[in-house]
2 protein chains.
Amino acid sequence: MNTVTAPVPKTSFKAQMLLAREEAIVQTVNRLLAEKGFESMTVDEVAASVGIAKASLYKHFPSKEDLAAAAMVRIMKRTQDFLDSLPAADPPMTKLRAVVRWTMEVQLAGEMPSLPHQNSTLRAALMNNRAYLDRLMEVSNTLGGWIQVAQADGAMSSKLPAIVVLYTLFARACDPVLEFLKVGGLYSDAQIVELVLSTCFDGLAAR
Amino acid sequence: MNTVTAPVPKTSFKAQMLLAREEAIVQTVNRLLAEKGFESMTVDEVAASVGIAKASLYKHFPSKEDLAAAAMVRIMKRTQDFLDSLPAADPPMTKLRAVVRWTMEVQLAGEMPSLPHQNSTLRAALMNNRAYLDRLMEVSNTLGGWIQVAQADGAMSSKLPAIVVLYTLFARACDPVLEFLKVGGLYSDAQIVELVLSTCFDGLAAR
DNA sequence: CCTACCGATCGGTAGG
DNA sequence: CCTACCGATCGGTAGG
């Protein structure tokens, strides 16, 4: 029994330490991407913030792009976890509002990595990253299903193609209006979320 | 007469050459800012694209930030010119839709410099740039007036503070949804503009 | 011997 | 206006 079970916690402990360190790294990268974006974030900064040597960082991730991609995979996982946590019985429109509200709260908390710019090296790296694409597809499929049902039951506008609605929901996760309003200081975070949520779902025109 | 008029075209010619060069520089910077953003745009790239030496660039603009600020001032001027060109008799809501449509067309044409990120050196430079702040204020005041009238006459939702509406309109100028839909290739530029315009003014919820 | 990690420095390139 | 070049800092990796 000892000869069988003894090595297990040994390797498990090592692997656990490794994973804990990687989680700390990715969490730091996530925060820095939210604060300053991919181009302005430096690898030295990441290492210093985690409290390890830069060379140690490269033992875990082979490049700066891979570092950022891991953070993008993490936020996609968190998003999917949130989607899975929503009551299945809720109307699709309620769930869609809930996820947009959640992404805005994440952004206001400084935990939403900003999308890479069009001609970024990160963009190209993400488009070749299977783990990221799989997660993105998973979230898109879940949201896409809800959008179609919401349009079918009349809660959501049927004038708009589902893909346009999907992109619009994604874009709200990095809407600069949230930051502008926060800097303005006139409204609380909760008020900002509800205001932008209203512009998104109800529109600017009077109803 | 000659002694009076002769020197005028001489200095005017020199100044005209200077201004023409500066306009060429700023136009190039504007395009590059739209393509890749401030952090990824290099000064060497601007010089090469304009067709002058990098050192010559610094004869006109003292820093990379000033180069970018000149492009931001230029787009603000273009925006104000467009606002002034709108028929004064048009309802405010019509004019607000027109300006959002115009900014989207500019973005799709690759001529809308993307907003600097939160913790960018450019952001700080712009906040200390009188010319930029004056232009921004001018555009904001014009739009702000129209928003108030549109809310008073019932065309625009009165639930939303005017400042939220103003920021939302500004944010549409750099909405990533346009680029995503363009990359998707399913819709023409004109269709993309009308679709996103609908999400902005009518919202995602059915009416 | 291995792993994990460090101080120091690599080749290139940024803004100026 | 250009060629040449700087202090610094970038992403990434050497040896120990």
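Residues numbered from 1 in each chain as written. Chains lettered and ligands numbered in written order. Predicted model: local features only at pLDDT ≥ 70, side-chain atom pairs only at ≥ 80, totals over all residues. Heavy atoms only, no water.

A. The arrangement of the overall build of chain A in detail. Helix and strand content of chain A: 11 helices and 0 strands. Listed N to C, the secondary structure of chain A is α-α-α-α-α-α-α-α-α-α-α in terms of helices and strands. By its C-alpha atoms, chain A is 70 × 45 × 35 Å across when sized along the principal axes. With 207 residues in all, chain A has 47% of them scored as buried. (Helix = DSSP H or I, 4+ residues; strand = E, 2+ residues; numbered from the N terminus. Buried < 20%, exposed > 50% of the residue type's maximum accessible area, 1.4 Å probe, protein only.)

B. Examining the protein's contact with DNA strand D more closely. Surveying the vicinity of DNA strand D reveals 14 residues, the closest of which are A:Lys54, A:Lys64, B:Arg21, B:Ala53 and B:Ser56. Those atoms of DNA strand D that come within 4 Å of the protein belong to sugar or phosphate at a rate of 60%. In the model, a phosphate oxygen of DNA strand D is placed 3.1 Å from a nitrogen or oxygen of the A:Val43 main chain. The separation between a phosphate oxygen of DNA strand D and a polar side-chain atom of B:Ser56 is 2.5 Å. Among the elements of the structure, α4 (54-60) of chain A together with α4 (54-60) of chain B are those that each provide at least two residues to the surface near DNA strand D. (Near = heavy atom within 4 Å. Polar contact = N/O pair within 3.5 Å; in protein donor to acceptor, adjacent residues only side chain to side chain.)

C. How the structure looks around the interface of chain B and chain A. Each partner contributes to the interface: chain B provides 48 residues, whereas chain A provides 48 residues. Counting each side, the surface lost to burial between chain B and chain A is near 4,100 Å², with a carbon and sulfur contribution of 63%. Interface area lost by chain B to chain A is led by B:Tyr167, B:Phe180 and B:Leu204, which between them contribute 16%. Remark: the boundary between chain B and chain A carries 6 salt bridges. A salt bridge links B:Asp175 to A:Arg172; its shortest N-O distance comes to 3.3 Å. Summed over the shared surface of chain B and chain A, the number is 24 residue pairs in polar contact (both at pLDDT 80 or more). For the side of chain B that touches chain A, the secondary-structure elements that each account for two or more residues are α2 (7-40), α9 (162-172), α10 (176-184) and α11 (189-202) of chain B. Examining the composition of the side of chain B that touches chain A, we find that 8 residues originate from one element, α9(B), more than from any other. The residue inventory of the side of chain B that touches chain A, partitioned by class, reads 26 nonpolar, 12 polar and 10 charged. (Contact = heavy atoms within 4.5 Å. Buried area = accessible area lost by both parts, 1.4 Å probe. Salt bridge = Lys/Arg side-chain N within 4 Å of Asp/Glu carboxyl O. Nonpolar A, V, L, I, M, F, W, Y, C, P; charged D, E, K, R; others polar.)

D. Inspection of the pattern of salt bridges at higher detail. According to the stated counting rule, one finds 26 salt bridges over all chains in the structure shown. In this structure, B:Arg123 and A:Glu179 form a salt bridge, with 3.0 Å as the shortest nitrogen-oxygen distance. Placement of the pair is B:Arg123 in helix α7 (residues 121-127) and A:Glu179 in helix α10 (residues 176-184), with the two residues belonging to separate chains. The buried category is assigned to A:Glu179, whose relative accessible area is 16%.

E. The UniProt feature "domain: HTH tetR-type" (unreviewed entry) in chain A, seen in detail. Look at the UniProt record and you will see "domain: HTH tetR-type" (unreviewed entry) annotated at residues 19-79 of chain A. Strand forms 0% of residues 19-79 of chain A and helix 87%; the C-alpha atoms that close the span are 20 Å apart. (UniProt positions renumbered as here; feature names shortened; annotations may be inferred.)

F. Local environment of the relation of the copies chain B and chain A. You can overlay chain B on chain A at an RMSD of 0.1 Å; the transform is a turn of 180° with a shift of 0.1 Å along its axis. Taken together, the rotation and translation relating the two chain copies correspond to the operation of a two-fold axis. Relative to the rotation axis, the C-alpha of B:Gly203 is the closest in chain B, positioned 1.8 Å from it. When the interface residues of chain B are mapped onto chain A, 100% of them again fall at the interface, so both copies present the same face. (Least-squares fit on C-alpha atoms with pLDDT ≥ 70 in both.)

G. Just the protein's contact with DNA strand C, in detail. What surrounds DNA strand C is a group of 14 residues, the closest being A:Arg21, A:Ala53, B:Lys54, B:Tyr58 and B:Lys64. Take the atoms of DNA strand C that sit within 4 Å of the protein: sugar and phosphate atoms are 63% of them. At 3.4 Å from a base nitrogen of DNA strand C is found a side-chain nitrogen or oxygen belonging to A:Lys59. The side chain of B:Lys64 places a nitrogen or oxygen atom 2.9 Å from a phosphate oxygen of DNA strand C. Of all the secondary structure elements, the ones that give two or more residues to the surface near DNA strand C are α2 (7-40) and α4 of chain A together with α4 of chain B. No other element matches the 3 residues that α4(A) contributes to the surface near DNA strand C. Along the lines of polarity and charge, the residues of the surface near DNA strand C split into 7 nonpolar, 3 polar and 4 charged.

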